[in-house]
Amino acid sequence: MLEKSLVVGEYHIDTSQNSLIHGSRKVYLGPLRTSLLHFLCKNVNTVVTREDLAQHVWGRLVTDHTINQHISQLRKSIGTLSLHGLNISTIPKRGYIARMEGVGISENQVSPMVQSEVSANAINSMKVLVVEGQAAERIELIEQLESLEVSYVEGVATTIEAERSVALQDFDLVIVDTLLENSAGVELIKRIRTGQTSASADISILSSHFDVQRELLGLNSLLDVQGLLLKPFEANRLKQMLMVANKSNVVLKPQAAYELVPTDVLEVLAQAKAVNE
């Protein structure tokens, strides 16, 4: 669910009415295309990949054909307003970009410069717990978080250590390695969401994995995980995901919904892959 309307130059994406507005003119986009345009314009003049769109708009793996189809429909909707200053371009083998010359973006009418400063300050005030099984990757991620000047960062190797840490410190974000043995990482996320740890059940969570997998995106959606960090970690991607997590407002489902989520899906897939190899 989108939390805020978005202003891009002279254009207003009204998420409450699923519409794009320019002056006195308005075109209805529908919920999905509103979400699609919202994400593209939040990253105005920046290329976003199909994987980014799948994760943030659909919350699951979708085909290139599906994305292309909705991009095409979105372009037609924009065209009905004759918005020559705003266009969506395809970048071959990379993704898409919402282009608008000489403008930034603002949320709820906040100026781009102020919004940027607010985002930076928000990251600087974050307390982050890293649950990463591999020492080298854990150290790398901690160093990247420190370079972004987060308020506090702590790294642990196991879920047992993670539960001890959240009992002693109030964190704003937990980054969980989904490659921990026996699906322990996914199980930790489930325990957090069902209130079985000392962490707030609605705390922001990012998962980490070496690949975008349909099953993992599905688990993320079911467990209200805010995003997926791909390994090896990239500083720009990490900063983007911190901003997404900071802005997220987790609306918890009934506890039973989380309890029904299977946590051994990735383990079963890994075992099947090993057998096939």
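Let me begin by describing the structure that accompanies this report. Nothing here was measured: the structure is a model prediction, and the numbers come from that model. (Residues numbered from 1 in each chain as written. Predicted model: local features only at pLDDT ≥ 70, side-chain atom pairs only at ≥ 80, totals over all residues. Heavy atoms only, no water.)

The subject of this paragraph is the overall build of the chain. Of the regular secondary structure elements, the chain holds 11 helices and 12 strands. Counting all 277 residues of the chain, 46% fall into the buried class. Of the roughly 13900 Å² that the chain leaves accessible, carbon and sulfur atoms contribute 50%. (Helix = DSSP H or I, 4+ residues; strand = E, 2+ residues; numbered from the N terminus. Buried < 20%, exposed > 50% of the residue type's maximum accessible area, 1.4 Å probe, protein only. Areas by Shrake-Rupley, 256 points an atom, 1.4 Å probe, with all protein chains shown as cover.)

With that settled, consider the sheet that holds strand β8 (residues 127–131). Strands sit in the order β9-β8-β10-β11-β12 across an open sheet of 5 strands; the sheet is parallel. Two strands close off the open sheet at either side, each with one partner strand: β9 (152–156) and β12 (227–230). When the angles between neighbouring strand axes are averaged without regard to direction, this sheet yields 20 degrees. Contacting β11 (204–209) and β12, helix α8 (residues 214–222) runs over the sheet at an angle of about 140 degrees to β12. Those strands touched by helix α9 (residues 235–247) are β10 (173–177), β11 and β12, and its axis lies near 165 degrees from that of β12. (Pairing = 2+ DSSP bridges. Axes fitted to C-alpha atoms, helices over the stretch in contact; angles between N-to-C directions. Contact = heavy atoms within 4.5 Å.)

The subject of this paragraph is the environment of Y11. Here Y11 lies in strand β2 (residues 11–14). Assessed through its relative accessible area of 10%, Y11 is described here as buried. Sequence separation of Y11 and K26 is 15 residues, and the distance between their C-alpha atoms is 9.9 Å.

Here we come to the packing of aromatic side chains. Scanning the model with the defined rule gives 1 aromatic pair in all. Between Y152 and F171 the ring centres are 6.1 Å apart and the planes differ by 40 degrees, which places this aromatic pair in the tilted class. Taken together, the residues Y152 in strand β9 and F171 in the loop between α6 (159–168) and β10 connect sequence positions 19 residues apart. Residue class for Y152 comes out partly exposed when judged on its relative accessible area of 31%. Assessed through its relative accessible area of 11%, F171 is described here as buried. (Phe/Tyr/Trp six-rings, centres within 6.5 Å; stacked < 30°, edge-to-face > 60°.)

For the rest of this paragraph, the subject is α9. Given a rise of 1.5 Å per residue, 13 residues ought to cover 18 Å, and the 19 Å separating the end C-alpha atoms of α9 matches this to within 8%. Along α9, the positions that sit buried rather than exposed are R237, L238, M241, L242, V244 and A245. Seen end-on, α9 carries its buried residues on one side only, within an arc spanning 165 degrees. (Expected span 1.5 Å × (residues − 1). Arc of directions from axis to C-beta.)

For soluble globular proteins, the rule of thumb is that nonpolar side chains tend to be buried together. Ranked by internal contacts, the top residues of the largest apolar core, which has 28 residues, are L37, L40 and L53. For this core, the secondary structure elements donating two or more residues are β1 (6–8), β2, α1 (31–42), α2 (50–58), α3 (64–80) and β6 (95–99). Ranked by the residues each element gives to this core, the list is headed by α1, at 5 residues. Residue contacts for L37: discarding those within four places in its chain leaves I13, L20, L29, L74, I78 and I88. (Core = buried A, V, L, I, M, F, W, Y, C linked by side-chain atoms within 4.5 Å.)

With 13 residues, helix α5 (residues 135–147) extends 18 Å between its outermost C-alpha atoms, agreeing within 8% with the 18 Å of an ideal straight helix rising 1.5 Å per residue. Along α5, the residues classified as buried are R138, L141, I142, Q144 and L145. Looking down the long axis of α5, one finds its buried residues gathered within 160 degrees of arc, a one-sided arrangement. Turned more than 90 degrees away from the buried face of α5, the exposed residues are A136, E143 and S147. Those residues of α5 hidden inside the fold are in contact with β8, β9, β10 and α9.

The side chains of a regular strand alternate between both faces of the sheet. When strand β5 (residues 87–91) meets β6, the two strands line up antiparallel, connected through 5 bridges. The residue bridging T90 from the neighbouring strand is Y96, located in β6. Hairpin connection between β5 and β6: a loop of 3 residues separates the two successive antiparallel strands, and K93 in this loop has a positive phi of roughly 65 degrees.

Applying the stated criterion to the full structure yields 1 cavity of 30 Å³ or more. Estimated volume of the largest cavity: approximately 30 Å³. If you trace the largest cavity, you find it lined by L129, A162, E163, V166, V174, L188, I192 and T197. Of all the elements in the fold, those that place two or more residues in the lining of the largest cavity are α6 and α7 (184–193). At 3 residues, the largest contribution of residues to the lining of the largest cavity is made by α6. For the lining of the largest cavity, the class distribution of residues is 6 nonpolar, 1 polar and 1 charged. (1 Å grid on protein atoms, 1.4 Å probe; cavity = no way out; pocket = protein on both sides within 12 Å on 5 of 7 lines; lining within 4 Å. Points joined across faces, edges and corners; volume = space filled by probe spheres on them. Nonpolar A, V, L, I, M, F, W, Y, C, P; charged D, E, K, R; others polar.)

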